[in-house]
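The lines below spell out each chain.
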Amino acid sequence: MKVAQLGSGTPEIAVVAGVHGDEPCGVRAIERLLEEAPAVKRPVKFVIANELALEAGVRHVDEDLNRAFPGDPDAATHEGRLAHQLQAELGDCLCFSMHSTQSHAEPFAIVREVSEMARTICPQLPVTSVVTTGPYAGGRLFTEIETIEVECGLQGSEAAAQNANRLTRAFLTAVDVLPGTTVTRELPVFELVDRIEKDAADRYEVFVENFTRVEAGATFAAADGREQVASDPFYPVLMSPYGYRDVFGYTARKLETMAAGSAAD
Ligand SMILES: [Zn+2]
């Protein structure tokens, strides 16, 4: 774990990258910001989490860090111990954690619930939607630390690194670390409902777009040519042929539209 800070005093804001070692976009955004070292209005902490996995270019060494919280100092796994250390390092900070996916090029936010904090900050980020994890929050950083996760784009892409940079600056402006104003937008909110299981196969296909409604009866994926058909309508989220080992992704339902400035209502 690597920790750096801009500004003096005890930070109440933290930016985290490299929770997954094969998602370098956030690390680049943090390095770029630290190089520029802009003047800050309040102190901010930067954490590069899973250095071991980043060096190896793998998602994790022993287990998924973002399913390992709260962790344990005596855990048998690297990520189990790291989860505990990371949580101690972040303390009471409001945290911004950057990820990337194989499922969707456009940035979106992931939160545990539509809290007052989420309503205030998410509409100020350059994202296209907000996802709440519903029953799938277990073990993630935001079960322990108040956190907005963002998916910055496609893993390893230049666009994801650029998005990570824009997202970090927007977040830091929204929480009054960087000077300036943000642009607010209306965002649809989706809640994860179910995992979309996939059978063992050599070849996987996905026929639908994430965040676009799939109607009942539509063929949405296939494993070695065996088609999977929707029994009920749903919105696919984090869905890709090869992004996860056991699942294509998740079904979601659309909850509401998060309006710009709704926190003031
Ligand atoms: Zn990730």
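If you're wondering where the values come from, they're calculated on a predicted model, not measured in any experiment.

What counts as what
Residues numbered from 1 in each chain as written. Predicted model: local features only at pLDDT ≥ 70, side-chain atom pairs only at ≥ 80, totals over all residues. Heavy atoms only, no water. Helix = DSSP H or I, 4+ residues; strand = E, 2+ residues; numbered from the N terminus. Contact = heavy atoms within 4.5 Å. Core = buried A, V, L, I, M, F, W, Y, C linked by side-chain atoms within 4.5 Å. Buried < 20%, exposed > 50% of the residue type's maximum accessible area, 1.4 Å probe, protein only. Pairing = 2+ DSSP bridges. Axes fitted to C-alpha atoms, helices over the stretch in contact; angles between N-to-C directions. Salt bridge = Lys/Arg side-chain N within 4 Å of Asp/Glu carboxyl O. Phe/Tyr/Trp six-rings, centres within 6.5 Å; stacked < 30°, edge-to-face > 60°. Lys NZ or Arg CZ within 6 Å of the ring centre and 35° of its normal. Donors = N, O, S within 2.8 Å, 3.2 Å for Na, K, Ca; no water. Tetrahedral: all angles 85-135°; square planar, octahedral: opposite > 155°, others 65-115°. Expected span 1.5 Å × (residues − 1).

Draft legend 1. Representation of the side chain of Ser240 in the model. Relative to the assigned elements, Ser240 resides in the loop between β12 (235-237) and β13 (247-258). The residues contacting Ser240, other than those within four sequence positions of it, are Gln102, Ser103, Val206 and Phe248.

Draft legend 2. Up close: the nonpolar core. Grouped together as the largest cluster of nonpolar side chains are 40 residues, with contacts concentrated most on Met98, Leu125, Ile148, Val150, Phe171 and Leu172. Considering every element that reaches this core, the biggest residue donor is helix α5 (residues 158-174), with seven residues. In this structure, Leu172 is in contact with Ile13, Val15, Leu33, Val44, Phe46, Val177 and Leu178, ignoring residues within four places of it in sequence. Ala83, Cys93, Cys95 and Ile145 belong to the second largest nonpolar core, which has 16 residues in total.

Draft legend 3. Main features of the sheet that holds strand β10 (residues 219-223). Within the open sheet, the three strands sit side by side as β9-β10-β11. Their pairing is antiparallel. One side of each edge strand has no neighbouring strand; the edge strands of this open sheet are β9 (204-206) and β11 (226-229). Neighbour-to-neighbour, the strand axes of this sheet turn through a mean angle of 20°, independent of strand direction. Note: β10 against β11, four bridges, orientation antiparallel. Note on β11: the bridge partner recorded for Ala221 is Gln228.

Draft legend 4. The pattern of salt bridges, seen in detail. A complete count under the given rule lists 15 salt bridges for this structure. Its salt-bridge partner being Glu158, residue Arg28 comes within 3.2 Å of it at the nearest N-O pair. Of this pair, Arg28 sits in helix α1 (residues 25-36) while Glu158 is found in helix α5, placing the two residues 130 residues apart along the sequence. Through salt bridges with shared partners, a single network forms among Glu23, Arg59 and Asp64.

Draft legend 5. Summary view of unusual backbone geometry. Geometrically, the link from Phe69 to Pro70 is a cis peptide bond, its omega value of 5° lying close to zero. Checked against the element boundaries, Pro70 lands in the loop between α2 (51-56) and α3 (78-90). Even without being a glycine, Phe211 presents a positive backbone phi close to 70°. If you trace the backbone, Phe211 turns up in the loop between β9 and β10. You can call Phe211 buried: its relative accessible area is 14%. Of note, Leu238 is a non-glycine position whose phi angle comes to about 55°, a positive value. By the secondary structure assignment, Leu238 is in the loop between β12 and β13.

Draft legend 6. Focus on the packing of aromatic side chains. Applying the stated criterion to the full structure yields nine aromatic pairs. With a centroid separation of 5.2 Å and an interplanar angle of 85°, the aromatic rings of Phe220 and Phe234 are classed as edge-to-face. With a gap of 14 residues between them, Phe220 in strand β10 and Phe234 in the loop between β11 and β12 connect regions that are remote in the sequence. According to the relative accessible area criterion, Phe234 is buried, its value standing at 8%. Among the aromatic residues, those joined into a ring-pair cluster are Phe108, Phe190, Phe211 and Tyr235. Above the face of the Phe248 ring, Lys198 is positioned so that its terminal group lies 5.6 Å from the ring centre.

Draft legend 7. Just the coordination of the zinc ion, in detail. Coordination sphere of the zinc ion, protein contribution only: His20 (ND1), Glu23 (OE), Glu23 (OE) and His99 (ND1), at 2.0 to 2.5 Å. If you look at the zinc ion, its four donor atoms make angles of 56 to 154° with each other, and the shape they trace is irregular. Sequence positions of the residues that donate to the zinc ion give the spacing H-x2-E-x75-H. Separated by 76 residues along the polypeptide, Glu23 in the loop between β2 (13-17) and α1 and His99 in strand β4 (residues 94-101) bring together distant segments of the chain. For Glu23, a relative accessible area of 2% puts it in the buried group.

Draft legend 8. Quick peek at α3. Between its first and last C-alpha, α3 extends 18 Å over 13 residues, near the 18 Å set by a 1.5 Å rise per residue. Those residues of α3 that fall on the buried side of the exposure criterion are His78, Glu79, Gly80, Leu82, Ala83, Leu86 and Leu90. If you follow the buried residues of α3, they end up packed against β2, β3 (44-48), α2 and β4. Once α3 finishes, Gly91 follows within two positions and takes phi at roughly 50°, a positive value.

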